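Chains, contacts and geometry: an overview
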Amino acid sequence: MITMYDLLLAHPFLAGLPPGHVERLSRWARPAPFRAGTRIFEENGRAKRFWLIREGCVHLDIRVPGRGDAVIETIGPGTVLGWSWMFPPYRWHFGAVAVDQVLSIAVDGDGVRALCDADPDLGYELTKRFMAVVVERMQATRIRLLDLYKAPA
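These notes cover the structure that comes with them. (Residues numbered from 1 in each chain as written. Predicted model: local features only at pLDDT ≥ 70, side-chain atom pairs only at ≥ 80, totals over all residues. Heavy atoms only, no water.)

Sheet architecture is open: four strands sit in the order E2-E7-E4-E5, paired in antiparallel fashion. In the strand order of this sheet, the two ends are held by strand E2 (39-41) and strand E5 (68-75), each with one partner. Averaged over neighbouring strand pairs, the angle between their axes works out to 35 degrees when direction is ignored. Two elements, strand E4 (residues 58-64) and E5, share seven bridges in a ladder whose sense is antiparallel. Across the sheet, Asp-61 pairs through a bridge with Val-71, a residue of E5. (Pairing = 2+ DSSP bridges. Helix = DSSP H or I, 4+ residues; strand = E, 2+ residues; numbered from the N terminus. Axes fitted to C-alpha atoms, helices over the stretch in contact; angles between N-to-C directions.)

Given below as structure tokens:
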């Protein structure tokens with residue numbers, strides 16, 4: 001039988017993380033499937049967790065005044081969804097919708113923050129990994145907004 005520990009250990013986002021860290025994270029993880037079209041979270045909603053995407057794709061979107069929701073990035077298998085749970089005020093900076101059937105692992109943010117407080121090595125390692133995600137998502141947002149607001153030809 002495949003355990004949550006096994007699933008976490010196999011996920012690319014956690015590659016190279018010491019097994020003890022993965023084992024502690026597995027205590028706060030659970031399977032989280034989403035049907036196509038499911039809104040996973042709303043921009044500015046309370047951020048309580050993150051997801052490790054195993055299968056399927058998710059659109060990240062932002063509200064653009066006068067234009068509605070604009071997709072800024074599509075993420076797929078092997079990626080992580082959600083970083084706002086890690087940084088106060090713990091509010092989503094984007095929205096997220098399942099494009100197709102998504103199989104993911106949901107990980108509780110409060111539990112992981114407590115682990116990070118108790119184990120600075122784990123906290124530092126996760127902070128580095130999540131900051132790389134933040135930078136990537138902000139760059140994707142910048143590029144998408146430049147495209148949306150470019151002058152007509």
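Bringing empty space enclosed by the protein into the picture now. The final tally for this structure, using the stated rule, is one cavity of 30 Å³ or more. For the largest cavity, the calculated volume is near 60 Å³. The wall of the largest cavity is formed by Phe-41, Leu-60, Leu-81, Gly-82, Trp-83, Ser-84, Trp-92, His-93, Phe-94 and Arg-137. Taken together, the residues that form the lining of the largest cavity break down as six nonpolar, three polar and one charged. (1 Å grid on protein atoms, 1.4 Å probe; cavity = no way out; pocket = protein on both sides within 12 Å on 5 of 7 lines; lining within 4 Å. Points joined across faces, edges and corners; volume = space filled by probe spheres on them. Nonpolar A, V, L, I, M, F, W, Y, C, P; charged D, E, K, R; others polar.)

Moving on, we get to helix H2 (residues 19-26). Along H2, the positions that sit buried rather than exposed are His-21, Val-22, Leu-25 and Ser-26. Burial along H2 is one-sided: seen end-on, the buried residues are contained in an arc of 140 degrees. (Buried < 20%, exposed > 50% of the residue type's maximum accessible area, 1.4 Å probe, protein only. Arc of directions from axis to C-beta.)

Looking along the chain, the bond that leaves Pro-88 and enters Pro-89 is cis, with omega of 15 degrees. With respect to the helices and strands, Pro-89 occurs in the loop between strand E6 (80-81) and strand E7 (95-98). Phi is positive for Asn-44, which is not a glycine, with a value near 75 degrees. Backbone geometry places Tyr-90, a non-glycine residue, at a positive phi of 60 degrees.

With that settled, consider the packing of aromatic side chains. Aromatic rings considered in pairs are described by the distance between their centres and by the relative angle of their planes. Under the definition given, this model contains nine aromatic pairs. Judged by centre distance (3.8 Å) and plane angle (15 degrees), the ring pair of Phe-41 and Trp-92 falls under stacked. Pair noted here: Phe-41 is in strand E2 and Trp-92 is in the loop between E6 and E7, with a separation of 51 residues, a long-range link. By relative accessible area, which is 6% here, Trp-92 ends up buried. Where Trp-85 meets Phe-130, the ring centres are 5.2 Å apart and the plane angle is 80 degrees; that geometry is what we call edge-to-face. (Phe/Tyr/Trp six-rings, centres within 6.5 Å; stacked < 30°, edge-to-face > 60°.)

For helix H3 (residues 109-118), every residue scored as buried is listed here: Gly-109, Gly-111, Val-112, Arg-113, Leu-115 and Cys-116. Between a side-chain oxygen at the N-terminus of H3 and the backbone nitrogen of Asp-110 the separation is 3.3 Å; the capping residue is Asp-108. (Polar contact = N/O pair within 3.5 Å; in protein donor to acceptor, adjacent residues only side chain to side chain.)

Taken as a whole, this structure holds 10 salt bridges when the rule is applied. Ionic contacts of the salt-bridge type, sharing partners, join the residues Arg-39, Glu-42, Asp-61, Arg-63 and Asp-69 into one network. (Salt bridge = Lys/Arg side-chain N within 4 Å of Asp/Glu carboxyl O.)

On to the sheet that holds strand E8 (residues 102-108), then. Pairing is antiparallel across the open sheet formed by four strands, whose spatial order is E1-E8-E3-E6. Edge positions in the sheet fall to strand E1 (29-34) and E6, since each has one partner strand and no second. Bridge analysis of strand E3 (residues 49-55) against E8 gives six bridges, and the strand direction is antiparallel. Its bridge partner being in E8, Phe-50 is matched across the sheet by Val-107.

So far we have only geometry, and geometry alone does not tell us how the molecule works.
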